[in-house]
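Secondary and tertiary structure notes
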Amino acid sequence: MSEESIKFELSKEYLDLIVQAIERQDAVFIRETMEGVDPADISLLLDEASAENARYVLDILNNEVGAEIIEEFEEDTRQEFLKELEPVEIAQYLEEMESDDAVDIINDLPVKTREEVIAAIKDPESAAHIQELMRYDEDCAGGLMAKEMIVANVNWNIQQTIEEIRRQAENVEKIYSIYVVDDREKLLGKVSVKRIILTSDNACIKDIYDEDIKAVETYMDEDEVADIMQKYDLVAVPVVNLQGRLVGRITIDDIVDVITEQAEEDMQLMSGISTDVEEDDSIWAISKARLPWLLVGLIGGTLGAWAIGFFEGDLESNAALAFFIPLVMATGGNVGIQSSTLVVQSLANRSAFEESFGRRIAKMFLVALLTGVVLAAISFGIVYLWKGEDRLAGVVAISLICVVMLSSFMGTSTPLVLDKLGVNPALASGPFITTTNDILGIIVYLAIANLLL
């Protein structure tokens, strides 16, 4: 039995124990068994429990741990759980979270409940931070950022800065850098905690801070933020408004979520799923997401059959041609997917934009020519040894060279064109490329056969 299955069985067994403890109202057992367990693991456990049971468990634990568990809940589970709580109770959990996580949760609530929760938050500063962040769309830098961060004025001395760090750090979970601003809150640079500790108390921040800092604007798209943080290997990035004033920061954990969502979206598009769905969604939702590109494939297959019927006379006179239709179609489809996948990967890395469209096509042409010649030589030998017909073998070989080059061109150019049009280029790596190349491959193969045979 695999380690994964053992862990799964143990978690189910543990869940049963927790459910039994809830039924007998054994708060001591629950508190003791969950002591030291990571909130992410507890959230996975409670994802399988009812909202009522999950509430009972979180009532036993302290609010800080409960807030971390709620953050880790699956979205559907969290929404069902929050329905069990009064606005005052939700507010108590939100006060234990960083502002960006609190906003993500509060945005899932009905408008009336949202207002009641904000009114119930006791800390005016936390409530103000949440209300400010709610102004931004969730898919831009302003929607990703948190207000909690350590800020130092450029005119402070080291002793004053350390005192401020101690005061501000109460609300900051992780300290990566201290951001330096002027009297108007304009971002000037950053300084590390290590540099502050090693500098004498009488020195000023203006003498030791680093002006070289990467920042993003509040309106910047989350994909651009992810690209910047990946490119420069940042664990946190400050966010400024149009006036250059520091308004928040984005940390790596938020960007990991964005990158994961991007990868899931691209994977689903590449596999022909048109909308974001999960395995536990309804049968209708999953079917509706899969049907559009399946219908495209059905139409493509019908067009392919029509193309074969157009050359029906050639197939009747030389039935052996039909044997190699799957070979040509499969090769064209595979080459197209390989080419488009490589281009989509390069488009995800904006530093790869140094090559022009012309250089990419030229490079594609040479690669396709080399791989096409190799495949053609191998196929020529196989067909000749099998059928003993050099002309048939020549048709298959020439067709493969043409199909490989045509499929490579389609696989390379289509993602580039879609990207220029603002469409996700991953769309070109799925059924679209496969279906198109299948039809073109059949037409090219049978047209060459018609000419040469």
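Located above this text is the structure these notes cover.
Here is a short report on the structure shown in this document. Since the structure is predicted, the reported quantities are computational estimates derived from the model, not experimental observations. (Residues numbered from 1 in each chain as written. Predicted model: local features only at pLDDT ≥ 70, side-chain atom pairs only at ≥ 80, totals over all residues. Heavy atoms only, no water.)

**Here we look at the pairing of strand 6 (residues 246-251)**
Of all the six residues making up strand 6, six are buried; the element is thus mostly covered by neighbouring parts of the structure. Looking at chain direction, strand 5 (residues 236-240) and strand 6 are connected through five bridges and run antiparallel. Residue pairing in the sheet places Val239 in a bridge with Gly248 of strand 6. Joining the antiparallel neighbours strand 5 and strand 6 is a turn of five residues, in which Gly244 adopts a positive phi near 85°. (Buried < 20%, exposed > 50% of the residue type's maximum accessible area, 1.4 Å probe, protein only. Helix = DSSP H or I, 4+ residues; strand = E, 2+ residues; numbered from the N terminus. Pairing = 2+ DSSP bridges.)

**Things to note about the nonpolar core**
Residues Leu46, Val225 and Ile250 are the most contacted members of the largest nonpolar core, which totals 56 residues. In terms of residue count, helix 4 (residues 51-60) provides more of this core than any other element does, five residues in total. Sequence-distant contacts of Leu46, that is, excluding residues within four places in its chain, are made with Ala54, Val57, Leu58, Ile69, Phe73 and Thr77. If you look at the next biggest cluster of nonpolar residues, it comprises 21 residues, including Ile325, Leu392, Val396 and Tyr445. (Core = buried A, V, L, I, M, F, W, Y, C linked by side-chain atoms within 4.5 Å. Contact = heavy atoms within 4.5 Å.)

**Overview of a nonpolar patch on the surface**
Together, Ile175, Val193, Ile197 and Leu198 make up an exposed nonpolar region whose accessible area comes to about 380 Å². Along the chain, Leu198 turns up in helix 13 (residues 193-198). Leu198 sits in the exposed class, given a relative accessible area of 66%. (Patch = residues over 30% accessible without salt bridge, like charges linked within 9 Å, V, L, I, M, F, W, Y side chains within 5 Å. Areas by Shrake-Rupley, 256 points an atom, 1.4 Å probe, with all protein chains shown as cover. Salt bridge = Lys/Arg side-chain N within 4 Å of Asp/Glu carboxyl O.)

**Concerning the pattern of salt bridges**
If the charged atoms of two oppositely charged side chains come close together, the side chains can form a pair. Across all of its chains, the model carries seven salt bridges by this definition. Where Arg55 meets Asp59, a salt bridge forms, and the shortest distance between an N and an O atom there is 3.6 Å. Linking Arg55 with Asp59, this pair stays in helix 4, spanning four residues, or about one helical turn. Assessed through its relative accessible area of 23%, Arg55 is described here as partly exposed. A relative accessible area of 46% means that Asp59 is categorised as partly exposed. A salt bridge links Lys147 to Glu132; its shortest N-O distance comes to 3.1 Å. With Lys147 in the loop between helix 11 (141-144) and strand 1 (151-153) and Glu132 in helix 10 (residues 124-133), the pair connects residues that are 15 residues apart, well separated along the chain. Among the residues examined, Glu132 registers a relative accessible area of 23% and is labelled partly exposed. By sharing partners, the salt bridges in this structure join Arg55, Asp59 and Glu89 into a single network.

**Considerations on unusual backbone geometry**
One non-glycine residue, Gln25, lies in the positive phi region at around 60°. Here Gln25 shows up in the loop between helix 1 (3-23) and helix 2 (27-34). The exposure class assigned to Gln25 is exposed, which follows from its relative accessible area of 51%. Residues other than glycine seldom take positive phi values, yet Glu185 does so here, at roughly 70°. With respect to the helices and strands, the residue Glu185 is situated in the loop between strand 2 (178-181) and strand 3 (187-191). For Glu185, a relative accessible area of 41% translates into the label partly exposed.

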